[in-house]
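Survey of secondary and tertiary structure
Here are the chains, one letter per residue:
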Amino acid sequence: MAQMQAKALTAQSLDGVRPAGPAPAGLTVEGVLDKLREARPVIAAYAAESERLRYIAEPAWSAVWESGLFWFTTPKEHGGLDVDSADPIIEAVAVIAIGCVSTACCAAQVVQQQWMLRHMPEGFQSEVRARHAIISAAGNGSSFGRGELVDGGVRVNGR
């Protein structure tokens, strides 16, 4: 089994993973799907590299970000499309998966995170979106651990 190599992310490097700025101008569902179809060769070209790295190679991930996909389920008041139907999301993830299933899986998780966040109380959303309207966090909605309040914050244990 190959050794998993962690990629260290700092507060400074997160902007490369999550580009700053507003939603792309003229954002539409069909426009996002078209950009993802155009990005398929880049995503496919970096599929093996992404598997080797054990995280999505930067050119492939940038192509997905630049498509506008992550604005699908972001609320309109935050610049998103507020898509409430799973159909365009499924189509977008399928388009990505033609090139790389791992990239599609990661993209689906980020779309899910926007959808989950928009169902939280507005105060919580505002706090989370203080630096950027799009969140990109590791993991999904499943809980496999516990958090313990400690001086200065929360200590999280789990897998």
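Notes on the structure follow. (Residues numbered from 1 in each chain as written. Predicted model: local features only at pLDDT ≥ 70, side-chain atom pairs only at ≥ 80, totals over all residues. Heavy atoms only, no water.)

**Observations concerning the overall build of the protein**
Across its full length, the protein carries 7 helices and 2 strands. Along its sequence from the N terminus, the protein presents helices and strands in the succession α-α-α-α-α-α-α-β-β. By residue count, 35% of the 159 residues in the protein fall in the buried class. In the protein, the proportion of contacts linking residues at least 24 apart, taken out of those at least 6 apart, comes to 62%. Of the roughly 9700 Å² of accessible surface on the protein, a fraction of 57% belongs to carbon and sulfur atoms. (Helix = DSSP H or I, 4+ residues; strand = E, 2+ residues; numbered from the N terminus. Buried < 20%, exposed > 50% of the residue type's maximum accessible area, 1.4 Å probe, protein only. Contact = heavy atoms within 4.5 Å. Areas by Shrake-Rupley, 256 points an atom, 1.4 Å probe, with all protein chains shown as cover.)

**Comments concerning the packing of aromatic side chains**
Here the structure, examined in full by the defined rule, presents 3 aromatic pairs. On the basis of an interplanar angle of 85° and a centroid distance of 6.5 Å, the ring pair of W61 and W65 is categorised as edge-to-face. Taken as a pair, W61 and W65 lie in helix α4 (residues 58-67) at a separation of 4 residues, close to a single helical turn. Under the relative-accessibility criterion, W61 is labelled buried at 11%. Aromatic pair W61 and F70: ring centres 5.5 Å apart, planes at 40°, arrangement tilted. F70 carries the same exposure label as W61, and that label is buried. (Phe/Tyr/Trp six-rings, centres within 6.5 Å; stacked < 30°, edge-to-face > 60°.)

**As for a nonpolar patch on the surface**
On the surface, M120, F124 and V128 cluster together into a nonpolar patch covering about 240 Å² of accessible area. Take V128: it is sitting in helix α7 (residues 122-128). On the basis of relative accessibility, which here comes to 32%, the residue V128 falls in the partly exposed class. (Patch = residues over 30% accessible without salt bridge, like charges linked within 9 Å, V, L, I, M, F, W, Y side chains within 5 Å. Salt bridge = Lys/Arg side-chain N within 4 Å of Asp/Glu carboxyl O.)

**Some points on unusual backbone geometry**
Peptide bonds are, in most cases, trans, and in most cases residues other than glycine have a negative phi. With a phi angle near 70°, R54 is a residue other than glycine that sits in the positive phi range. In this model, D82 sits at a positive phi of 55°, which is unusual for a non-glycine residue. Tracing the sequence through the fold places D82 in the loop between α4 and α5 (86-99).

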